[in-house]
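Examination of the molecular architecture
Residues per chain are reported as follows:
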Amino acid sequence: MSLNEIIQTYYEYFNKEKLPYIKCTNCGYVFYYPRAICPKCLSKKLSIMESKGEGEIYSETKFVNEKGQVTIVGLIRLEEGFMIYANILTNRLEDVSINKKVKVEFKEVIKGQKFPFFTTIS
Ligand SMILES: [Zn+2]
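Throughout what follows, the structure given in this document is the object of discussion. All figures in this text were calculated on a predicted structure; none of them were measured in a lab.

1. A few points about the pattern of salt bridges
Under the criterion given, the structure shown has eight salt bridges. Among the charged side chains, a salt-bridge network with shared partners connects Glu56, Arg77 and Lys101.

Listed below in structure tokens is the structure:
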């Protein structure tokens, strides 16, 4: 599969509200960001898998603009073992902390295309 085909497949998964990731069928390494070659063993034997969309916050940063509006970006570790950078959506800032459980949620960011975000779960 070419990189463009992988990216196209990711976009289709997002619109079906599914979170994809890639598993190397040669060495078993799992990763999120689209690549046509396994970053560990350089194999091209890759499969696109569907994540359960649940994981925990590995690291997070709160950005505050001049109006006091807060945007939170986190590094999320999914149960399947891969990591993803994503915005974390919450009405309760105190809920966002390291190791907190989160799940994926999809929002239409540009017309006709959804993208993944995460929300905290208790
Ligand atoms: Zn590999």
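2. Focus: helix α1 (residues 3-15)
In this model α1 runs 19 Å from its N-terminal to its C-terminal C-alpha over 13 residues, within 8% of the 18 Å that 1.5 Å per residue would give. Restricting attention to buried positions, one finds in α1 the residues Ile6, Thr9, Tyr10, Tyr13 and Phe14. Along α1, the residues classed as buried sweep out an arc of 140° about the axis, all on the same side. Buried residues belonging to α1 abut β1 (19-24), β2 (30-31), β3 (46-51), β7 (101-110) and β8 (113-120). Glu17 sits one or two residues past α1 and shows a positive phi near 60°.

3. Quick notes on the packing of aromatic side chains
A complete count under the given rule lists ten aromatic pairs for this structure. An angle of 50° between the planes, with centres 6.3 Å apart, marks the rings of Tyr11 and Phe14 as tilted. One end of the pair is Tyr11 and the other is Phe14, both in helix α1 and three residues apart, which spans about a single turn. On the basis of relative accessible area, Tyr11 is assigned to the partly exposed category, the value being 32%.

4. Some words on a nonpolar patch on the surface
Taken together, Val64, Val70 and Leu93 make up a surface patch of nonpolar side chains, about 230 Å² in accessible area. Here Val64 is to be found in strand β4 (residues 54-64). Val64 sits in the exposed class, given a relative accessible area of 57%.

5. Section: the pairing of β1
Every regular strand shows the same layout, with side chains that alternate between the two sheet faces. Among the six residues of β1, five are classified as buried, and the element is accordingly described as predominantly covered. In the sheet, β1 pairs with β3 via six bridges, with the strands oriented antiparallel. Considered in β3, the bridge of Leu19 is made with Ser51. With two bridges joining them, β1 and β2 adopt antiparallel strand pairing. Opposite Lys23, over in β2, you have Val30 as the bridge partner. Where β1 hands over to β2, the hairpin turn is made up of five residues, of which Gly28 adopts a positive phi near 90°.

6. Details of the sheet that holds β2
Read from one edge to the other, the open sheet built from three strands follows the order β2-β1-β3, with strand pairing classed as antiparallel. Only two strands of the sheet have a single neighbouring strand rather than two, namely β2 and β3. α1 contacts β1, β2 and β3 of the sheet and is inclined by roughly 140° relative to β1.

What counts, and at which threshold
- Residues numbered from 1 in each chain as written.
- Predicted model: local features only at pLDDT ≥ 70, side-chain atom pairs only at ≥ 80, totals over all residues.
- Heavy atoms only, no water.
- Salt bridge = Lys/Arg side-chain N within 4 Å of Asp/Glu carboxyl O.
- Helix = DSSP H or I, 4+ residues; strand = E, 2+ residues; numbered from the N terminus.
- Expected span 1.5 Å × (residues − 1).
- Buried < 20%, exposed > 50% of the residue type's maximum accessible area, 1.4 Å probe, protein only.
- Arc of directions from axis to C-beta.
- Contact = heavy atoms within 4.5 Å.
- Phe/Tyr/Trp six-rings, centres within 6.5 Å; stacked < 30°, edge-to-face > 60°.
- Patch = residues over 30% accessible without salt bridge, like charges linked within 9 Å, V, L, I, M, F, W, Y side chains within 5 Å.
- Areas by Shrake-Rupley, 256 points an atom, 1.4 Å probe, with all protein chains shown as cover.
- Pairing = 2+ DSSP bridges.
- Axes fitted to C-alpha atoms, helices over the stretch in contact; angles between N-to-C directions.

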